[in-house]
Amino acid sequence: MLRSQGDHAQAVGMLESCLEAETRTLGPEHPSTLSTALDLAATRHMQGEVKVAKRLLWTTLEVQRRTLGLEHPHTLTTQRLHRCVV
């Protein structure tokens, strides 16, 4: 919601807190954790932080490839997003 209102800085803070909590409680490979990582990457990209966004996408993609497989729709979506971030 914050991101759609243009408050990217506050959205980043909330997403980083959520990602930290989800990683700690659910684990780094949990679908909710991966989803939050993707949201954070998108928000960072909107802020112009391309290198940070690409790094988050790459990390998420590596986990998805390992846990979901190369052909899973979520893996393919993240792969496409990673290629589009320039």
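Please read these numbers as outputs of a predicted model, since none were measured by experiment.

Undergrad: So what's going on with the overall build of the chain? Which residues, and what values?
TA: The number of helices and strands found in the chain is four helices and zero strands. In terms of C-alpha radius of gyration, the chain reaches 12 Å, essentially the compact-globule figure of 12 Å for 86 residues. For the C-alpha atoms alone, the extent of the chain along its principal axes is close to 35 × 30 × 20 Å. In the chain, which comprises 86 residues, the share counted as buried stands at 33%. Looking at the chain alone, contacts between residues at least 24 apart form 46% of all its contacts between residues at least 6 apart. Within the structure as shown, the chain displays about 5400 Å² of accessible surface, and the carbon and sulfur contribution to it stands at 58%.

Undergrad: Tell me about the side chain of Thr60, residues and numbers included.
TA: By the element assignment, Thr60 lies in helix 3 (residues 50–67). For Thr60, a relative accessible area of 4% translates into the label buried. A distance of 2.8 Å separates a polar side-chain atom of Thr60 from the backbone oxygen of Leu56. In contact with Thr60, not counting residues within four places along its chain, are Leu34, Ala37, Leu38 and Thr78.

Undergrad: Now, about the side chain of Glu22: what can you tell me, with residues and values included?
TA: If you trace the backbone, Glu22 turns up in helix 1 (residues 8–25). Here Glu22 is buried and forms no salt bridge, its nearest opposite-charge partner Arg24 lying at an N-O distance of 11 Å. In contact with Glu22, other than residues within four places in its own chain, are Gly27, Ser32, Thr33 and Thr36.

Undergrad: I'd love a proper account of the nonpolar core, names of residues and values included.
TA: Counting residues in each nonpolar core, the largest one holds 10 residues, listed as Val12, Leu15, Leu19, Ala37, Leu40, Ala41, Ala53, Leu56, Leu57 and Val85. Contributions of two or more residues to this core are made by helix 1, helix 2 (31–46) and helix 3. Excluding residues that lie within four positions of it along the chain, Ala41 makes contacts with Ala53, Leu56 and Leu57.

Undergrad: Quick rundown of the environment of Trp58? Include the residues and the values.
TA: Mapped onto the secondary structure, Trp58 falls in helix 3. When the C-alpha atoms of Trp58 and Arg83 are compared, they prove to be 9.8 Å apart, with 25 residues separating the residues in sequence. Every residue in contact with Trp58, bar those within four places of it in the chain, is listed here: Arg65 and His82. Within the local environment of Trp58, its side chain forms a polar contact with the side chain of Glu62, the two groups lying 2.9 Å apart.

Undergrad: Outline the pattern of salt bridges, listing residues and values.
TA: Pairing between side chains of opposite charge can happen when the charged atoms of each approach one another. The tally for this structure, following the rule as stated, stands at four salt bridges. Between Arg24 and Glu20 there is a salt bridge whose closest N-O contact spans 3.7 Å. Of the two residues, Arg24 and Glu20 both sit in helix 1, four residues apart, roughly one turn of that helix. Here Arg24 and Glu20 have matching classes, each one exposed. Of the charged contacts, one joins Glu29 and Arg66 as a salt bridge, the two residues approaching to 2.8 Å between their closest N and O atoms.

Conventions adopted
- Residues numbered from 1 in each chain as written.
- Predicted model: local features only at pLDDT ≥ 70, side-chain atom pairs only at ≥ 80, totals over all residues.
- Heavy atoms only, no water.
- Helix = DSSP H or I, 4+ residues; strand = E, 2+ residues; numbered from the N terminus.
- Rg over C-alpha atoms; globule rule 2.2 N^0.38 Å.
- Buried < 20%, exposed > 50% of the residue type's maximum accessible area, 1.4 Å probe, protein only.
- Contact = heavy atoms within 4.5 Å.
- Areas by Shrake-Rupley, 256 points an atom, 1.4 Å probe, with all protein chains shown as cover.
- Polar contact = N/O pair within 3.5 Å; in protein donor to acceptor, adjacent residues only side chain to side chain.
- Lys, Arg positive; Asp, Glu negative; His and termini not counted.
- Salt bridge = Lys/Arg side-chain N within 4 Å of Asp/Glu carboxyl O.
- Core = buried A, V, L, I, M, F, W, Y, C linked by side-chain atoms within 4.5 Å.

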